[in-house]
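Breakdown of the fold
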Amino acid sequence: MTTYERLVAAQTLDGVVTALRQTARRVLGSDGIAVVLRDNGFSHYVAEDAIQPLWRGQRFPLETCVSGWAMLNNETVVAEDIRRDPRVPVLPYQNKAICSLLMVPIGSPEPIAALGAYWCAMVHIHDDLVARAEALAHQAATVIARIQRSDMNQICYPEM
């Protein structure tokens, strides 16, 4: 089953997260990925697939992490050298074997999530790679919007 087919088959937000966790690393050719949800002013790292543990289960204020920056600015972050990018905080990456990253917001106009891809070596993050990551994010956003509409349609209103 392709990534698109897995996403379209998702019936819940958890299903979308699972589809991204299971496929995004392969699609992007990265050493790791993380799926991050926007949660009451925090970036909540809910899922990952990586060669070493990243931040699964942890929450960071939106203003203090690169996933938060991507969501708050509704903009893709390309950091070929994380040590030289002011959007990437030093402390969370201190003990991680990460040199390059790509962080893509999911949802518009106000992103509700982000997809991060990480590399242990410094890599050139070319336009095709950014386009693939943004396509994944767009597909995920479309499915999440469908799920949210479906949930709204299932709300029962009392008769007047």
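Residues numbered from 1 in each chain as written. Predicted model: local features only at pLDDT ≥ 70, side-chain atom pairs only at ≥ 80, totals over all residues. Heavy atoms only, no water.

**Some words on the pairing of strand 1 (residues 32–39)**
Within strand 1, six of the eight residues are buried, leaving the element largely enclosed by the surrounding structure. With eight bridges connecting them, strand 1 and strand 2 (residues 42–50) associate as antiparallel partners. Across the sheet, residue Val35 finds its bridge partner in strand 2, namely Ala47. (Buried < 20%, exposed > 50% of the residue type's maximum accessible area, 1.4 Å probe, protein only. Helix = DSSP H or I, 4+ residues; strand = E, 2+ residues; numbered from the N terminus. Pairing = 2+ DSSP bridges.)

**A closer look at helix 3 (residues 66–73)**
One turn of an α-helix holds 3.6 residues; hence residues three or four places apart share an orientation. Taken as a whole, helix 3 has its buried residues at Val66, Ser67, Gly68, Ala70 and Met71. In this structure, the buried residues of helix 3 make contact with strand 1, strand 2, strand 4 (77–79), helix 4 (90–93), strand 5 (100–106) and strand 6 (113–119). Asn74, located one to two residues past helix 3, shows a positive phi value of around 50°. (Contact = heavy atoms within 4.5 Å.)

**What to know about the confidence of the model for the protein chain**
For the protein chain, per-residue confidence averages 93 on the pLDDT scale, and 94% of positions sit at 70 or higher. Long-range and interchain partners of residues 155–160, a stretch whose pLDDT sits below 50, account for zero contacts in this model, where long-range means more than four residues apart. (pLDDT = per-residue confidence, 0-100.)

**A word on the nonpolar core**
Note that soluble globular proteins tend to have their nonpolar side chains buried in a common cluster. Core analysis: the largest hydrophobic core is formed by 30 residues, its most contacted members being Val16, Leu20, Leu102, Ile106 and Leu115. Where this core is concerned, the elements lending two or more residues are helix 2 (13–28), strand 1, strand 5, strand 6 and helix 5 (127–153). Element by element, the count of residues in this core is highest for helix 5, at 10 residues. What Val16 contacts, discounting residues up to four positions off in sequence, is Leu7, Ala10, Ala140, Val143, Ile144 and Ile147. Formed by 21 residues, the second largest nonpolar core is a distinct cluster that contains Ala34, Cys65, Ile98 and Ala114. (Core = buried A, V, L, I, M, F, W, Y, C linked by side-chain atoms within 4.5 Å.)

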